[in-house]
Amino acid sequence: MSLHGCEHLTSLKAAYGIQPFYIIHSYFIACSSIEARRVKAKSCFCHTCRYRGLRVHACLSCVYFGCYNEQHIHNHAKTKKHNLSVDLSYGTVYCYACGTFVYDEELENVARKQQRAAAATLGIKRDFAPWEPGQDEIELLRRNPKRRKVSENSHIGLRGLINLGNTCFMNCILQSLTHTPILRDYFLSDQHHCHMTANPQQCLVCEMGRLFQEFYSGVRTPYIPYKLLHLVWTNARHLAGYEQQDAHEFLIAALDVLHRHCQGTNGLSYSSSHHCNCIIDQIFTGGLQSDVTCKQCNNVSTTIDPIWDISLDLGPGPGSTTAAIAAGSNLVLSAVGDPALPMAVGPALVDLPTASLSPASGFTNSPSNYEPTSLLDCLKRFTRPEHLGNSAKIKCSNCSSYQESTKQLTMKKSPIVACFHLKRFEHSTGYHKKISTYVSFPEELDMTPFMSSSRNNSNGYTNQIVRESATGLSCDNKYSLFAVVNHSGTIESGHYTCYIRSHKEQWFKCEDHVITRATAGEVLSSEGYLLFYHKQLLEYA
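Procedures and definitions
Residues numbered from 1 in each chain as written. Predicted model: local features only at pLDDT ≥ 70, side-chain atom pairs only at ≥ 80, totals over all residues. Heavy atoms only, no water. Helix = DSSP H or I, 4+ residues; strand = E, 2+ residues; numbered from the N terminus. Contact = heavy atoms within 4.5 Å. Areas by Shrake-Rupley, 256 points an atom, 1.4 Å probe, with all protein chains shown as cover. Buried < 20%, exposed > 50% of the residue type's maximum accessible area, 1.4 Å probe, protein only. Pairing = 2+ DSSP bridges. Axes fitted to C-alpha atoms, helices over the stretch in contact; angles between N-to-C directions. Core = buried A, V, L, I, M, F, W, Y, C linked by side-chain atoms within 4.5 Å. Salt bridge = Lys/Arg side-chain N within 4 Å of Asp/Glu carboxyl O. Phe/Tyr/Trp six-rings, centres within 6.5 Å; stacked < 30°, edge-to-face > 60°. Lys NZ or Arg CZ within 6 Å of the ring centre and 35° of its normal. Polar contact = N/O pair within 3.5 Å; in protein donor to acceptor, adjacent residues only side chain to side chain.

## Focus on the overall build of the protein
Alright, step 1. Broken down by element type, the protein carries 16 helices and 25 strands.
Alright, step 2. Partitioning the contacts of the protein with sequence separation of at least 6, the portion at a separation of at least 24 is 68%.
Alright, step 3. Counting only carbon and sulfur atoms, one obtains 52% of the accessible surface of the protein, whose full area is about 27300 Å².

## Here's the deal with helix 4 (residues 72-80)
Alright, step 1. Every buried residue of helix 4 is accounted for by His72, Ile73, His74, His76 and Ala77.
Alright, step 2. Downstream of helix 4 by a residue or two, Lys81 has a phi angle that is positive, lying close to 65 degrees.

## Topic: the sheet that holds strand 1 (residues 56-59)
Alright, step 1. If you trace the five strands from one edge of the open sheet to the other, you get 2-1-3-4-5, paired in antiparallel fashion. Two strands close off the open sheet at either side, each with one partner strand: strand 2 (65-67) and strand 5 (100-102). On average, adjacent strands in this sheet sit at an angle of 40 degrees to one another, irrespective of strand direction.
Alright, step 2. This element, helix 4, spans strand 1, strand 2 and strand 3 (84-87) of the sheet and lies at about 125 degrees to strand 2.

## Examining the nonpolar core
Alright, step 1. Core analysis: the largest hydrophobic core is formed by 63 residues, its most contacted members being Met208, Ile280, Val485, Tyr496 and Phe532.
Alright, step 2. Broken down by element, this core gets its largest block of residues, nine residues, from helix 11 (residues 247-261).
Alright, step 3. Here Ile280 is in contact with Leu183, Leu255, Leu258, His259, Thr285 and Trp308, once residues within four sequence places are set aside.
Alright, step 4. Counting residues in each nonpolar core, the second largest holds 30 residues, with Cys378, Leu379, Leu409 and Tyr499 among its members.

## A look at the pattern of salt bridges
One side chain can pair with another of opposite charge once the charged atoms of both are near each other.
Alright, step 1. One pass over the full model with this rule turns up 10 salt bridges.
Alright, step 2. In this structure, Asp256 engages Arg260 in a salt bridge whose closest nitrogen and oxygen atoms are separated by 3.3 Å. Within this pair, Asp256 and its partner Arg260 are both found in helix 11, separated by four residues, close to a single helical turn.
Alright, step 3. Accessibility expressed as a relative area gives 14% for Asp256, which makes it buried.

## A closer look at the packing of aromatic side chains
Alright, step 1. For the structure shown, the criterion picks out 12 aromatic pairs.
Alright, step 2. Each ring, one from Phe187 and one from Phe212, has its centre 4.9 Å from the other, and the planes form 15 degrees; the classification is stacked. On the criterion of sequence distance, the pair formed by Phe187 in helix 8 (residues 181-188) and Phe212 in helix 9 (residues 204-215) is long-range, its members being 25 residues apart.
Alright, step 3. Taking relative accessible area as the criterion, Phe187 reaches 9% and is therefore assigned buried.
Alright, step 4. Judged by centre distance (5.9 Å) and plane angle (75 degrees), the ring pair of Phe420 and Tyr533 falls under edge-to-face. Taken together, the residues span a long stretch of sequence, with Phe420 in strand 17 (residues 417-422) and Tyr533 in strand 25 (residues 530-535) at a distance of 113 residues.
Alright, step 5. Positioned above the aromatic ring of Tyr68 is the side chain of Arg55, whose terminal nitrogen or guanidinium carbon lies 4.0 Å from the ring centre.

## Remarks on the environment of His76
Alright, step 1. Relative to the assigned elements, His76 resides in helix 4.
Alright, step 2. Take His76: its relative accessible area is 10%, and that puts it in the buried class.
Alright, step 3. As a C-alpha pair, His76 and Gly66 span 10 residues in sequence and 7.8 Å in three-dimensional space.
Alright, step 4. A polar contact of 3.4 Å, which involves the side chain of His76, links it to the side chain of His82.

Take a look at the structure:
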């Protein structure tokens with residue numbers, strides 16, 4: 001990669017210097033003064049469609065802003081022959097003649113100075129700085145000159161796990177976690193600082209760090225995760241023993257232990273005293289909004305609860321009548337560390353059914369009178385308004401009397417990694433069974449229709465109704481599938497396997513110590529028990 005951009009950028013700098021980039025970066029990206037922030041708030045939108053949001057680009061040759069997603073900036077570049085623009089979200093330079101982003105060392109230095117100036121005006125004492133090796137790292141690199149090149153056909157990161165006796169459930173979850181992109185980056189960049197200084201051997205986060213090192217060391221022989229299994233047994237005693245366990249239950253228990261052992265750098269977040277900012281919560285925690293509306297006066301009570309996953313019912317099936325009757329109190333919260341009070345917003349509706357805290361189940365909505373055939377069907381039913389009925393009246397603080405109400409669940413905050421649990425194991429009075437209904441799921445998922453903002457805003461989704469995603473929506477809530485855990489067999493005896501995405505288009509099937517190549521078609525046609533999706537676009541505050 002050249003340090004001086006492409007020939008088109010070189011020609012532009014020869015004609016105009018760095019002044020166009022300096023002005024754009026100062027006023028619309030770094031916003032290094034109060035005046036600059038006012039200008040950006042007023043003027044940062046597409047001049048063609050008036051869109052305000054991510055991926056608006058500024059032309060480096062004239063005063064034109066255009067959105068990238070709708071290709072208005074592309075059309076401008078083609079018409080005016082202005083080949084270079086700056087992304088107003090990140091300050092990167094794009095060349096339309098070359099069809100790629102270009103890097104220029106001189107412009108990078110300008111951007112770095114502007115960011116420091118902006119941080120100073122905002123009272124930020126320490127701004128983000130890229131990692132640079134110290135003397136110890138430099139010496140280590142000199143002693144080990146061999147480099148491992150990661151290519152499209154590279155198998156680095158792929159390693160089987162020995163089954164220690166009915167531990168296929170654990171192996172599938174470990175494979176999914178080790179191939180979670182941002183979690184992998186966290187551990188491989190050595191960001192964990194152990195707080196269990198008295199007994200670091202008991203820290204599950206440290207053991208996960210060693211697991212990542214083993215997976216990405218290049219060694220191909222199967223790994224034996226006996227220490228990690230022992231630590232989970234020690235800290236989640238309900239999983240101890242060699243009986244077959246539920247993969248979803250293990251996932252929640254593992255996240256809970258990691259959460260407790262991994263304290264965030266700043267302790268608790270600024271927005272809520274109940275939310276930790278450790279790496280587990282940063283990646284997996286989302287916010288589920290519950291709106292309960294009084295049928296008499298339309299008074300709305302809103303609570304927002306932290307969740308690690310969403311459990312989705314797969315339809316009524318035999319014996320679902322009992323579940324339907326109990327629809328009035330159907331919230332179950334995945335354990336997110338210590339129990340935390342929900343955040344109440346707006347006027348309170350008292351005497352609501354209390355959400356129970358369970359390490360084995362995620363938030364779930366009641367079954368309906370039809371069986372869903374896709375993940376989108378499940379999510380539509382999950383976010384559909386539900387009439388609580390005459391037998392589940394609540395006391396409205398506005399009416400001061402017990403009234404019927406409706407309840408609707410939506411996502412207030414989408415997590416970086418969204419985990420969907422398809423409830424295939426049904427436990428009813430007198431019998432237990434597995435639901436093997438095929439439920440299709442996409443390789444790319446847009447969660448925008450299921451966000452709380454879509455319920456209230458006038459962007460094509462009417463109040464209390466969630467519709468399918470429309471074209472041209474923001475990519476803020478778009479996800480890509482990267483892991484699928486499957487269960488074969490019956491509820492009494494079975495076996496867990498999983499599919500993981502190693503690279504963008506490469507899928508592999510993991511069955512304990514055996515790893516084989518798979519196709520996207522095989523993944524999408526599998527039964528599906530746990531589905532892991534990763535956000536396509538990350539915003540760094």
